[in-house]
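Tertiary structure, described
The primary structure of each chain is shown beneath.
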Amino acid sequence: TRLNLDTDKETKSTQRTSVPEARPDLYFQVTRPNNTTIDTLNLASGFFKNFQSSRIGTPANPHTITFGGGLGGVLDPNPSAESGSE
């Protein structure tokens, strides 16, 4: 509640405005085939602080995250290029 001292009028509303972050932190939540979820925030190669690029890795050298247990994941910046589908 705010009181305008000039008019003695009370305001009881809240106004929210989105503020986009220029360099957000970026991480992934990955669902494995057994339906467990892994959060890459705690993995050294899975957290990108103040991310400012438009991609991670390249088609020739994709960024790979290993989750342990023999399962890994590849972050493909252009997944439709290899499959030929759009």
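Here the structure is shown first, and the text comes after it.
Right, let's walk through the structure included here. (Residues numbered from 1 in each chain as written. Predicted model: local features only at pLDDT ≥ 70, side-chain atom pairs only at ≥ 80, totals over all residues. Heavy atoms only, no water.)

So, the overall build of the protein
On a plain count of helices and strands, the protein comes out with one helix and eight strands. Starting at the N terminus and ending at the C terminus, the protein contains elements arranged as β-β-β-β-β-β-β-β-α. Within the protein, the fraction of its 86 residues that count as buried is 13%. Contacts in the protein between residues at least 24 apart in sequence constitute 24% of all its contacts with a sequence separation of at least 6. Of the roughly 7,300 Å² of accessible surface on the protein, 47% is carried by carbon and sulfur atoms. (Helix = DSSP H or I, 4+ residues; strand = E, 2+ residues; numbered from the N terminus. Buried < 20%, exposed > 50% of the residue type's maximum accessible area, 1.4 Å probe, protein only. Contact = heavy atoms within 4.5 Å. Areas by Shrake-Rupley, 256 points an atom, 1.4 Å probe, with all protein chains shown as cover.)

A short note on the side chain of Thr40
Topologically, Thr40 is positioned in the loop between strand S5 (37–39) and strand S6 (47–48). Given the relative accessible area of 1%, Thr40 is considered buried. From its side chain, Thr40 meets the backbone nitrogen of Phe28 in a polar contact 2.8 Å long. Polar side-chain contacts of Thr40 include one of 2.8 Å to the backbone oxygen of Gly46. When near neighbours in sequence (up to four residues on either side) are disregarded, Thr40 contacts Tyr27, Phe28, Val30, Gly46, Phe47, Ile65 and Phe67. (Polar contact = N/O pair within 3.5 Å; in protein donor to acceptor, adjacent residues only side chain to side chain.)

A short note on the packing of aromatic side chains
Tallied over the full model, the rule gives one aromatic pair. When the centroid spacing of 6.0 Å and the interplanar angle of 65° are considered together, the rings of Phe48 and Phe51 count as edge-to-face. Per residue, the accessibility class of Phe48 equals that of Phe51, and both read buried. (Phe/Tyr/Trp six-rings, centres within 6.5 Å; stacked < 30°, edge-to-face > 60°.)

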